Amino acid sequence: MPYVYLMVSVFMNASSSVFGKIYNKKNEGRRDSGTFYTFLLMLSVFFGWGVLYALDFSFDARVLWYSLLFGLFYMAGNVGMICALKHGPAVLTSLLISLSLIAVTVWGFIFWDAELSVFVAVGLLLVILSIVLCLYSKSKGEKALSLKWLFYVSLSFVGNAGCSIVQRTQQMQYEGKHGNMLMLFATAFSAVLYVILYLRSDKRDTRVMFKDSWWIPVCAGLCNLVLNLMVMLMAVTDLSPALIYPVIGVGGLAVVTVFSLFVFKEKMHWWQWLGVLVGAVAVALLSL
């Protein structure tokens, strides 16, 4: 059963990029499509965590500060991801978001007294090489990745790294307790912010987007919930974290790459595909 959890986690990890790209293709040219997507995604995640929290109730008011921070980073990560998928390739977006592990690793050296192993040192060097390969433009006249994509993928990078740092810090401080409480109130804070953004957005295309593609952000939100649930279930099994996190990271990236090639028909240079491969190895090493 633990290996079933692991395989499910791989596909759930890839689902956010895949669903986001499908949604953007269906709603190309429609106003404030990203705001509508994140609005429905967050509501589905919030209600899902509400059910899990009701089944495992706990409360400590001090955890609310962690929830607030997690919620802000979670919002940044999701907004950045859906907008980055709109302006750039799914596989590069997924890769650079996965490489947010580098920020978590550096944070661990400074604040968690983590040791710099050979694997981590090599992984950090491969991260730099992967980013250079992925972002390299051969000539000045060539169409490069847009500045909008760079901004949004950077926003998602920071958001994803912040979520990992806040969640791990909270779990370390409270000896693994109040995990469901952290997620419920974090998604509640994010949901409130998303509602405000949605109410301020241009809603003229909302009806047609809801009719055509309401199920996409809802499915993405539920997959996100299942991923977190699978990770929590694997935490009490015999599977080593040294196996779990590399498999989820690299496996998810591999699934997105397959969709990028055969479904989305994304075209990239050979050195960018090499950068994706190098990045996958870096993710695996940083997860050990």
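Every value quoted in this text rests on a predicted model; they were computed, and no experiment measured them. Within every chain, residues take consecutive numbers counted from 1 along the sequence as written. At least 70 in pLDDT is required for a residue's local features to be given in this predicted model, at least 80 for side-chain atom pairs to be given and counted, and no such filter applies to totals for whole chains, interfaces and linings, which use all residues. Side-chain measures here rest on the full set of heavy atoms in the structure, leaving out hydrogens and waters.

*Asks:* Please explain the overall build of the protein as it appears in this structure.
*Replies:* For the protein, the count of helices and strands is twelve helices and zero strands. In this description a helix means any DSSP run of H or I spanning at least four residues, a strand means any run of E spanning at least two, and both kinds are numbered starting from the N terminus. In sequence order, the secondary structure elements of the protein are arranged as α-α-α-α-α-α-α-α-α-α-α-α. For the radius of gyration, the atoms used are the C-alpha atoms, and the globule rule reads 2.2 Å times the number of residues raised to 0.38. For 288 residues, the compact-globule estimate of 2.2 N^0.38 gives 19 Å, and the C-alpha radius of gyration of the protein, at 19 Å, lies within 12% of that figure. Viewed in the frame of its principal axes, the protein has a C-alpha envelope of about 55 × 55 × 35 Å. Put simply, the protein has 288 residues, and 49% of those count as buried. Taking the intrachain contacts of the protein between residues at least 6 apart in sequence as the baseline, contacts between residues at least 24 apart amount to 87%. Here the term buried applies to any residue with accessible area under 20% of the maximum for its type, exposed to any over 50%, and partly exposed to those in between, with areas from a 1.4 Å probe on protein chains only. Only heavy atoms enter the contact rule, under which two residues are in contact if any of them lie within 4.5 Å.

*Asks:* Just to check I follow, could you spell out helix H8 (residues 179-200) for this structure?
*Replies:* Helical periodicity: at 3.6 residues per turn, an α-helix aligns residues three or four positions apart in one direction. With 22 residues, H8 ought to run about 32 Å at 1.5 Å a step, and its terminal C-alpha atoms sit 32 Å apart, in line with that. Buried within H8 we find Gly179, Asn180, Met181, Leu182, Met183, Leu184, Ala186, Thr187, Ser190, Ala191, Tyr194 and Tyr198. Multiply 1.5 Å by the residue count of a helix minus one, and that product is the helix's expected span.

*Asks:* I'm lost on the nonpolar core in this one. Help?
*Replies:* Most often, soluble globular proteins have nonpolar side chains that are buried together. For our purposes a nonpolar core is just a set of buried Ala, Val, Leu, Ile, Met, Phe, Trp, Tyr and Cys residues, chained together by side-chain atoms within 4.5 Å. In this structure, Tyr23, Tyr37, Trp49 and Phe70 are the most contacted members of the largest nonpolar core, which totals 41 residues. When contributions to this core are tallied by element, the ones reaching two or more residues are helix H1 (2-26), helix H2 (33-55), helix H3 (63-87), helix H7 (147-173), H8, helix H10 (215-234) and helix H11 (241-262). For this core, the leading source of residues is H2, giving ten residues. Those residues in contact with tyrosine 37, other than ones at most four positions away along the chain, are Ser16, Phe19, Gly20, Tyr23, Ile82, Ile216, Pro217 and Ala220. Leu99, Val120, Val153 and Trp271 belong to the second largest nonpolar core, which has 34 residues in total.

*Asks:* Where do I start with the state of the cysteines in this structure?
*Replies:* Note on terminology: a disulfide is the covalent bond linking the sulfur atoms of two cysteines. Disulfide: a pair of cysteine sulfur atoms within 2.5 Å of each other. Under the criterion given, the structure shown has zero disulfides. Its sulfur unpaired, cysteine 163 is 16 Å from the next cysteine sulfur, which belongs to cysteine 83.

*Asks:* Whenever I open this one, unusual backbone geometry confuses me. Can you help?
*Replies:* Across the chain, the bulk of peptide bonds are trans and the bulk of non-glycine residues have phi less than zero. Located in the positive-phi region is aspartate 32, a residue other than glycine, with phi close to 50°. Tracing the chain through its elements places aspartate 32 in the loop between H1 and H2.

*Asks:* Is there a simple way to think about the packing of aromatic side chains in this case?
*Replies:* Aromatic rings considered in pairs are described by the distance between their centres and by the relative angle of their planes. Two aromatic rings, drawn from Phe, Tyr or Trp (for Trp, its six-membered ring), form a pair once their centres lie within 6.5 Å of each other, and the interplanar angle then sorts them: stacked below 30 degrees, edge-to-face above 60, tilted otherwise. Evaluated as defined, the whole model comprises 15 aromatic pairs. Ring geometry for phenylalanine 36 and tyrosine 198: centres 6.3 Å apart, planes at 45°, overall tilted. Placement of phenylalanine 36 in helix H2 and of tyrosine 198 in helix H8 is noted, with a sequence separation of 162 residues between them. Between phenylalanine 59 and phenylalanine 185, the aromatic rings sit 6.2 Å apart at their centres with planes inclined by 65°, giving edge-to-face as the arrangement. Of this pair, phenylalanine 59 sits in the loop between H2 and H3 while phenylalanine 185 sits in helix H8, and the two are 126 residues apart along the sequence. On the basis of relative accessibility, which here comes to 46%, the residue phenylalanine 59 falls in the partly exposed class. Overall, phenylalanine 185 belongs to the partly exposed group, its relative accessible area being 24%.

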